[in-house]
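# Remarks on the overall topology
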Amino acid sequence: MRTPPPLLEDAAVDAHLAQALPAWRRDGRSIVRTFRTGGWKATMLAAGAVAHLAEVAWHHPTLTLAYDRLDIRLDTHESGGITGRDLALAAAIERTVAWQPEAPLEGTPQAPRFAYIRQE
Ligand SMILES: C[C@H](O)[C@H](O)[C@H]1CNC2=NC(N)=NC(=O)C2=N1
């Protein structure tokens, strides 16, 4: 039986999120992040990207999908709270879903009909 990763203190989690993951917040024994999206198709695409990272990481969030948002909740089941695994996967999710392309990539057109991930 593998040793569950150690729980992080709330203050340490809050400090890390403030410094490295400002769009995330601690909600009790989880960390949470909402991505606003331009519609159901956008939500599903973003959820797919998160699902891929979770399976590769072997660390799985709770996802809530809605027509205009994707809610992500992370905690480490084996430890009963927030561990370094949650922070690490949150960082990978942020790098992927919030990623903004640079030239020569043009990025999603601004026209409303193409609305995908709304950058807060
Ligand atoms: C059964 C157990 O959940 C699994 O072995 C792995 C995979 N994914 C997981 N995901 C999360 N969030 N926490 C875990 O402890 C975990 N453990």
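Residues numbered from 1 in each chain as written. Predicted model: local features only at pLDDT ≥ 70, side-chain atom pairs only at ≥ 80, totals over all residues. Heavy atoms only, no water.

Quick look at the overall build of the protein now. Across its full length, the protein holds three helices and five strands. Reading the protein from its N terminus to its C terminus gives the helix and strand order α-β-β-α-β-β-α-β. Each principal axis of the C-alpha atoms in the protein carries an extent, and together these give about 50 × 25 × 25 Å. Taking the contacts inside the protein whose residues are at least 6 apart along the sequence as the reference set, 65% of them involve residues at least 24 apart. For the protein, the accessible area works out to roughly 7700 Å², and carbon and sulfur atoms hold 57% of it. Side-chain charges in the protein split into 13 positive and 14 negative, and the spacing between the mean points of these groups amounts to 5 Å. (Helix = DSSP H or I, 4+ residues; strand = E, 2+ residues; numbered from the N terminus. Contact = heavy atoms within 4.5 Å. Areas by Shrake-Rupley, 256 points an atom, 1.4 Å probe, with all protein chains shown as cover. Lys, Arg positive; Asp, Glu negative; His and termini not counted. Charge placed at Lys NZ, Arg CZ, Asp CG, Glu CD.)

This part takes up the confidence of the model for the protein. When pLDDT is averaged across the protein, the result is 96; 99% of the residues are at 70 or more. As a predicted assembly, this complex carries a pTM of 0.96 together with an ipTM value of 0.93. (pLDDT = per-residue confidence, 0-100.)

Before going further, it helps to spend a moment on the environment of T62. The topology assignment puts T62 in strand β3 (residues 62–66). Aside from chain neighbours lying at most four places away, what touches T62 is D71, I72 and R73.

All right, on to the nonpolar core then. One finds W24, I31 and I93 to be the most contacted residues of the largest nonpolar core, which totals 22 residues. Mapped onto this core, the elements with two or more residues apiece are α1 (10–20), β2 (30–37), α2 (40–57), β4 (69–74) and α3 (84–97). For this core, the element with the most residues is α3, which contributes six residues. Not counting residues up to four positions away in its chain, the partners in contact with W24 are L17, I31, V32, R33, I72, L74, A90, I93 and E94. (Core = buried A, V, L, I, M, F, W, Y, C linked by side-chain atoms within 4.5 Å. Buried < 20%, exposed > 50% of the residue type's maximum accessible area, 1.4 Å probe, protein only.)

For the rest of this paragraph, the subject is the site of the ligand. In the vicinity of the ligand, the contacting residues are W58, H59, H60, D75, T76, H77 and E78. Taking H60, its side chain carries an N or O atom lying 2.8 Å from a nitrogen atom of the ligand. Here a nitrogen atom of the ligand sits 2.8 Å away from a polar atom, N or O, in the side chain of E78. Relative to its free-state accessible area of 380 Å², the ligand is covered by the protein chains to the extent of 73%. (Near = heavy atom within 4 Å. Polar contact = N/O pair within 3.5 Å; in protein donor to acceptor, adjacent residues only side chain to side chain.)

With 18 residues, α2 ought to run about 26 Å at 1.5 Å a step, and its terminal C-alpha atoms sit 25 Å apart, in line with that. Of the surrounding elements, those touching the buried residues of α2 are β2, β3, β4, α3 and β5 (117–118). W58 sits one or two residues past α2 and shows a positive phi near 55°. (Expected span 1.5 Å × (residues − 1).)

Let us look at the pairing of β2. Counting buried positions along β2 yields six of eight residues, so the element is predominantly enclosed. For strand β1 (residues 25–27) and β2, the ladder comprises three bridges, and the chain directions are antiparallel. The partner of R25 across the bridge, within β2, is V32. Hairpin connection between β1 and β2: a loop of two residues separates the two successive antiparallel strands, and G28 in this loop has a positive phi of roughly 65°. Relative to β5, β2 runs antiparallel, the two sharing two bridges. Directly across from T37, in β5, lies its bridge partner I117. (Pairing = 2+ DSSP bridges.)

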